[in-house]
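# Commentary on secondary and tertiary structure
Below, each chain spelled out in residue letters.
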Amino acid sequence: MEKYQLFLNGEWQSGSGVLTVVDPATDQAFAEVATIDRAGARQALHDAEAAFAGWRKLTAKERGDYLRAVANELAARKDKVARCITMENGKPLPQALGEVAMTVDHLLWYAEEGRRAYGRVVPNQADGKRHLVIRQPVGVVGAIAPWNFPLVLAIRKVAPALAAGCPVVLKPASATPLSALEFARCVEAAGMPKGVFQVVVGPASAIADEMLENPVCRKISFTGSTSVGKYLIGGAAKKCTLLALELGGNAPLIIFDDADFDAAIEGALITKFRNTGQSCIAANRVYVHRPIYDRFLQALVARVQALKVGSGLEAGVDIGPMIDAKALAAALAFVDDAVAGGAKVLAGGRRHGDKGNFLQPTVLVDVAGDSKCLREEIFAPVAVVLPFDTEEQVLALANDTEFGLAAYAFTSDLNRAFRVGEKLEAGTVGINDPVPSTSNCPFGGFKQSGWGRELGSEGLDAYLETKHISIAGIR
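Residues numbered from 1 in each chain as written. Predicted model: local features only at pLDDT ≥ 70, side-chain atom pairs only at ≥ 80, totals over all residues. Heavy atoms only, no water.

### A few points about the overall build of the protein chain
- Along the protein chain, the regular secondary structure elements total 15 helices and 23 strands.
- Relative to the 2.2 N^0.38 estimate, which gives 23 Å for 475 residues, the radius of gyration of the protein chain is 23 Å and therefore close to what a compact globule would have.
- Seen through its principal axes, the protein chain has C-alpha atoms that stretch 75 × 60 × 40 Å.
- A separation of at least 24 residues holds for 72% of the contacts in the protein chain among residues at least 6 apart in sequence.
- Accessible surface, the protein chain as shown: approximately 19,100 Å² in total, 52% of it carbon and sulfur. (Helix = DSSP H or I, 4+ residues; strand = E, 2+ residues; numbered from the N terminus. Rg over C-alpha atoms; globule rule 2.2 N^0.38 Å. Contact = heavy atoms within 4.5 Å. Areas by Shrake-Rupley, 256 points an atom, 1.4 Å probe, with all protein chains shown as cover.)

Shown next, in the form of structure tokens:
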């Protein structure tokens, strides 16, 4: 039973309580983490505020040097950190290694992008004036990260905020706090000034409320459910706290009959079953052009039935456990609701084994339009496959959702690729690309999938204020 302290103001501290971390593959506790209460979160925010002046005073190059040093430390520890992610989250180890690699890439990208927080000189309209527009750091940032990609989705917030000159207080998910603390060890080894980066673990509502109500916290960045996002919006109104929100999804995947068939099958497997389907950009609804519908179903079902289910630490595993028993029960409830409405189960549909929180990878067809799995985010290895006849019809179906985080389409028609890419109502669209997210391009949602963007130059902009300086009396 490994025991973790919290990284607060440059030191490892015991906190006021203890949280047990459970391996979702076995339901066995394997680590303990110190926790703090709301007063502890308040202290962390004020320590971050004390560190702000010194951190923002550094040049962007100097801050970038720290980020590169952290990236190097993380790369050197990738095997340990990836195993930690698999133990607390359940995902297959190769996917955890991929998460670490993407995290390193985020750090390196923002180590450079921080040097491009450009302002501008604006031509004056009155004699004797000069106008400057400059960018300055927002201030202390409260970052609240989810459990499904516990490291990389945290660092999508941390890296640009630090690059912009903002200290960060990170609240990881209670189910998966360990990778954030392993990251803190990298920060410590890199010699980053105290208070610039801290990790707090404890009651989510109390810590969130402190971030919302404490004027020291100038911005909150949150990834999670739309319902929690709406709660934060309500709380932020009290002090006009800035928010960045990456919320729920209901991504459509459209397979046209002119697509590369083998690539489309692979794309469906990746977009639906990566991370055990526990991804906000996972394909929730798979629409297949009727001329290839039967062929596609046959091929997809065969591949799904061949997926290996088990602990993420086992070699060759494709599908790990659900995060906990509640998530497993919710996934089975989606299947039961669909079947009650007339759907057929072509693969899976049941719990896998009698230990841990495993679900057989599932394929559903003949799903009624009012089934919950078409309207809500499944967040499980459950693929809903439906036929369509025309491009106009499928675009209407794809956009018929309150969410708009990601969407996918496979086609070999370039004209269609542009049309579909422009008409899909989502912040990220992958055309023949099942993994479109990248450090140098923006990520975020339309409609109820969130506010703002992470990654790319937009990710840096999210932590910068814009200031106009007007100088008069110049002759």
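Back to the text.
### So, empty space enclosed by the protein
- Counted according to the given criterion, the structure contains five cavities of 30 Å³ or more.
- A volume near 60 Å³ is recorded for the largest cavity.
- Taken together, 14 residues make up the lining of the largest cavity; nearest its centre are Pro252, Ala398, Phe403, Gly404 and Glu425.
- Put simply, the parts of the chain that give the lining of the largest cavity at least two residues each are β18 (403-404) and β19 (406-410).
- Among the residues forming the lining of the largest cavity, the class breakdown is eight nonpolar, four polar and two charged. (1 Å grid on protein atoms, 1.4 Å probe; cavity = no way out; pocket = protein on both sides within 12 Å on 5 of 7 lines; lining within 4 Å. Points joined across faces, edges and corners; volume = space filled by probe spheres on them. Nonpolar A, V, L, I, M, F, W, Y, C, P; charged D, E, K, R; others polar.)

### Side note on the layout of surface pockets
- Here the largest pocket is characterised by a volume of approximately 1,100 Å³.
- If you trace the largest pocket, you find 42 residues lining it, with Trp147, Phe222, Gly224, Ser225 and Val228 closest to the centre.
- Taken together, the elements giving at least two residues each to the lining of the largest pocket come down to α7 (204-213), β11 (217-223), α8 (226-236) and α11 (325-340).
- Classifying every residue of the lining of the largest pocket gives 26 nonpolar, ten polar and six charged.
- The volume enclosed by the second largest pocket comes to roughly 330 Å³.
- The wall of the second largest pocket is formed by 17 residues, among which Met102, Phe149, Val152, Arg156 and Arg274 lie closest to the centre.
- Those elements that place two or more of their residues in the lining of the second largest pocket are α4 (93-113) and α5 (152-164).
- Grouping the constituent residues of the lining of the second largest pocket by class yields nine nonpolar, four polar and four charged.

### Overview of the pairing of strand β7 (residues 130-137)
- Summarising the sheet, strand β6 (residues 120-122) and β7 pair through three bridges and their orientation is antiparallel. Looking at β7, one finds that Val121 is bridged to Leu132.
- Sheet topology places β7 next to strand β23 (residues 464-471); eight bridges connect them, and they run antiparallel. When the sheet's bridge partners are listed, Ile134 is paired in β23 with Lys467. (Pairing = 2+ DSSP bridges.)

### Details of the sheet that holds strand β15 (residues 344-347)
- With mixed pairing, the seven strands of this open sheet are ordered in space as β15-β16-β17-β14-β13-β19-β20. The sheet is open, and its two borders are formed by β15 and β20 (428-431), each paired with just one other strand. For this sheet, the mean inter-axis angle between neighbouring strands, taken without regard to orientation, is 25°.
- Of the strand pairs in this sheet, strand β13 (residues 251-255) and strand β14 (residues 283-289) are connected by five bridges, and their pairing is parallel. Following the sheet pairing, Ile254 is matched in β14 by Tyr287.
- Packing of helix α10 (residues 290-305) onto the sheet brings it into contact with β13, β14, β15, β16 (362-365) and β17 (382-388), and relative to β14 it is tilted by some 135°. (Axes fitted to C-alpha atoms, helices over the stretch in contact; angles between N-to-C directions.)

### Some thoughts on the side chain of Asn148
- Structurally, Asn148 can be placed in the loop between β8 (140-144) and α5.
- On the basis of relative accessibility, which here comes to 4%, the residue Asn148 falls in the buried class.
- Side-chain polar atoms of Asn148 contact the backbone oxygen of Gln278, separated by 3.2 Å.
- Residues contacting Asn148, with those up to four places away along its chain left out, are Asn89, Lys91, Leu153, Asn275, Gln278, Ser279, Cys280 and Phe379. (Buried < 20%, exposed > 50% of the residue type's maximum accessible area, 1.4 Å probe, protein only. Polar contact = N/O pair within 3.5 Å; in protein donor to acceptor, adjacent residues only side chain to side chain.)

Read these as geometric descriptors, not functional statements.
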